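Next come the chains, spelled out residue by residue.
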Amino acid sequence: MTENRPHFATRLGVIATTVGSAVGLGNIWRFPYEAGTHGGGAFLMIYILCIAVIGIPVICAEFVMGRASRRNIFGAFRTLAPKGGRYWQLMGVAGIVGSIMILAFYSVVAGWTIEYLMQSLAGTLEEVASTERQAAFDSFTGGWRCVLWTLVILGLNCAIVLGGVRKGIERVSNLLMPLLFVLLITLALNSLLLPGAGEGLKFLFRPDFSTVDSSVVLGALGQAFFSLSLGLGTMMIYASYFSPSTPLLKSAATTAGLDTLVALIAGVIIFPAVFTFGAEPSAGPKLVFEVLPDIFHRMPGGVVWSTVFFLLLLLASLTSTISMSEISVAYFSEQWGISRRKAVAVNTAIALVLGTLCALSFGPLSDFTICGKTVFGLFDYVASNIIMPLGGMLISIFVGWVLRRSVFDMELSPAPRALLCCLAFCLRFIAPGAIAVIFIAYI
Ligand code: PFF
C-alpha cells in the first residue's frame, strides 16, 4: 500500500496543494474578524510571532513525519514511535475528531459564499442598502437555505475527495491559487483608495499592547494553527504524497509565507472598508460578509468583481475542506482497510450530521448553548484553540524528543546544518514551552 502511494506530480503541485489547504476562509473570513475582536495591531504582531517560532517548525515536523512514514497521522505515530507508539496513536484520534469538527462548521461558512455568489449573479448583493442587507444576512443564516448550502458544500467536497490526490486535489489547486492572489491584490489596492483607509491601516498595523491579555494570545495562537492547517495531521498527510526530492524546509517556509501574506492582504481589504462604512471591527463571524458587499458596491463593475471573488473564495474553501477530509479518509481507508469510496462516505455522513447542527446554530438552535457557545462557536473554539495547538505541541515534542535525529536530518536534508539545529531547538523547547505557557496563562 505504502509503495503504491500516489505522489504529487510537480513542485508547483506541492506548493499549490499545501497553500491550497492553508489559504481559505481562515485567512479571508476568520483572520479579519479575530483581529477585529482582539484589538488589531497587537493581535497581528503576536500572530506573526506564533507563525515564525511555532508555526513553521510545526509544519516542518508534520512534513517530516508524513514523508518518513508515508501514512496518515495515526499510522505515522505507529510507524515512527518506538514500540508501536501505543499512546502516541491517541494523537491520531484527536486529529480525526478535530478535523471533522472543523469540516462541519467550515462548510457552513463556505455555504455562505454560495449564497453571496448567487446574490451577486442575481445582482441583488450590491444593490440593496447595507442595513437591509445585514437584516437579509441574519434571516438567511437563520433559515433553511443556510442548511441547504452547507449540504451542497459537503456534497461537492465528497465529489472532489473521491477524485483522489492527483486528479482532484492537485488540479483544482494549481489553477485556483494564482488567480486568487491576483484578485486579492486588486481588491486591496481598491480598498487603499477608500476614505477610511488610513484609520483601517492604523487599526491593523499599529499595535496597542495595553489591551493584550491571555485570550488575545490564545486567539492569535489558535488563528496561526487554524490558518496553517496545523496540529491535526493535514500537512502530514499531504507530505505523505510528496516525492522524495521535495525540499521540506523550503516548502514549509513558502507555505507559511504565502498564507500569512494572504491574511495580511485580507486585512488590508477589510479594515479600510470597516472604517469607511462604519462597521464594528468586533462584529465577529459576520464581519467580512457585512463589509465586502459595500466594497463591491463602490467599485466600477462591482457585480463582476463580487461574482469572481465569491467564486474564488468558494473554490479556496473547497481546497481547504478537501485537505481536512483527507485526514480521516486516509485514516479510515488505511487503518480500517476499507475502500477509499467507503471512507469518503463515512467521513461525509458524519460531517452531514454535525454540519447541519452547526448551520442550525444561527437559527432554530441559536439558544442551545454549551459553555455559552452555540454548536458552531463551540466546534470552532474547541478545534482551533484547543485541539490544534495541543496537537501541534505533541507533534513538536514527538519530532523533537522521540523521533530519531537521523530521520529528521535526512528528511530535511538539503537544509543547512545551522538551520536544522535551530529548527530542532524550536521543536524541543520553544514550540511546546510557548504553547504550554499560553494555555496555563489562559486557564
Ligand atoms: N487553513 C484553512 C484556512 O485557513 O481556511 C483551514 C483548515 C484547513 C483548518 C485544514 C484545518 C485543516 F485541517
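As for the site of the ligand
Then, in step 1: Around the ligand sit 17 residues, and of these A22, G26, Y106, F226 and T234 come closest.
Then, in step 2: At a threshold of 2 Å from the grid points, most atoms of the ligand map onto the largest cavity.
Then, in step 3: Looking at the shell around the ligand, the elements with two or more residues in it are α1 (11-22), α2 (25-37), α5 (89-122), α11 (214-227) and α15 (302-335).
Then, in step 4: For the shell around the ligand, a count of residues per class yields eight nonpolar, nine polar and no charged.

Points about the environment of W29
Then, in step 1: With respect to the helices and strands, W29 occurs in helix α2.
Then, in step 2: What makes W29 buried here is its relative accessible area of 0%.
Then, in step 3: Placed 237 residues apart in sequence, W29 and A266 show a C-alpha to C-alpha distance of 8.3 Å.
Then, in step 4: With near-sequence residues (within four places) excluded, W29 lies in contact with F105, V109, W112, P285, V288, F289, F376 and D380.
Then, in step 5: Here P285 takes part through its backbone oxygen, which lies 2.9 Å from a polar atom of the side chain of W29.

Observations concerning the confidence of the model for the chain
Then, in step 1: Of all residues in the chain, 95% attain a pLDDT of 70 or more, and the chain-wide mean is 90.
Then, in step 2: Per-element confidence in the chain ranges from a low mean pLDDT of 75 for helix α6 (residues 124-127) to a high of 97 for helix α10 (residues 197-205).

Some remarks on the side chain of H38
Then, in step 1: Within the element layout of this structure, H38 appears in the loop between α2 and α3 (41-69).
Then, in step 2: Beyond its immediate chain neighbours, meaning those up to four positions away, H38 contacts F43, S215, V216 and G219.

Thoughts on the packing of aromatic side chains
Then, in step 1: In this structure the tally under the stated criterion is 33 aromatic pairs.
Then, in step 2: Here F137 and F289 contribute two aromatic rings whose centre-to-centre distance is 6.0 Å and whose plane-to-plane angle is 15°, an arrangement assigned as stacked. With F137 in helix α7 (residues 130-141) and F289 in helix α14 (residues 287-298), this residue pair connects regions lying 152 residues apart in the sequence. For the residue pair F137 and F289, the accessibility class agrees, reading buried in each case.
Then, in step 3: Seen in terms of ring centroids, F296 and F310 are 5.9 Å apart; in terms of plane orientation they differ by 65°. Their pairing is edge-to-face. With F296 in helix α14 and F310 in helix α15, this residue pair connects regions lying 14 residues apart in the sequence. Here F296 matches F310 in class, with each residue buried.
Then, in step 4: The side chain of R30 reaches across the aromatic face of F226, ending 4.8 Å from its centre.
Then, in step 5: Above the face of the Y381 ring, K373 is positioned so that its terminal group lies 4.6 Å from the ring centre.

A few points about the nonpolar core
The tendency in soluble globular proteins is for nonpolar side chains to be buried as a group.
Then, in step 1: Of all hydrophobic cores here, the largest spans 150 residues; its most connected members are F309 and F310.
Then, in step 2: Considering each element in turn, this core owes the most residues, 16 residues, to α5.
Then, in step 3: Residues within four places of F310 in sequence aside, it is in contact with T113, Y116, L117, L125, F289, L292 and F296.

Definitions and cut-offs
- Residues numbered from 1 in each chain as written.
- Predicted model: local features only at pLDDT ≥ 70, side-chain atom pairs only at ≥ 80, totals over all residues.
- Heavy atoms only, no water.
- Near = heavy atom within 4 Å.
- 1 Å grid on protein atoms, 1.4 Å probe; cavity = no way out; pocket = protein on both sides within 12 Å on 5 of 7 lines; lining within 4 Å.
- Sits in = over half its atoms within 2 Å of the grid points.
- Helix = DSSP H or I, 4+ residues; strand = E, 2+ residues; numbered from the N terminus.
- Nonpolar A, V, L, I, M, F, W, Y, C, P; charged D, E, K, R; others polar.
- Buried < 20%, exposed > 50% of the residue type's maximum accessible area, 1.4 Å probe, protein only.
- Contact = heavy atoms within 4.5 Å.
- Polar contact = N/O pair within 3.5 Å; in protein donor to acceptor, adjacent residues only side chain to side chain.
- pLDDT = per-residue confidence, 0-100.
- Phe/Tyr/Trp six-rings, centres within 6.5 Å; stacked < 30°, edge-to-face > 60°.
- Lys NZ or Arg CZ within 6 Å of the ring centre and 35° of its normal.
- Core = buried A, V, L, I, M, F, W, Y, C linked by side-chain atoms within 4.5 Å.

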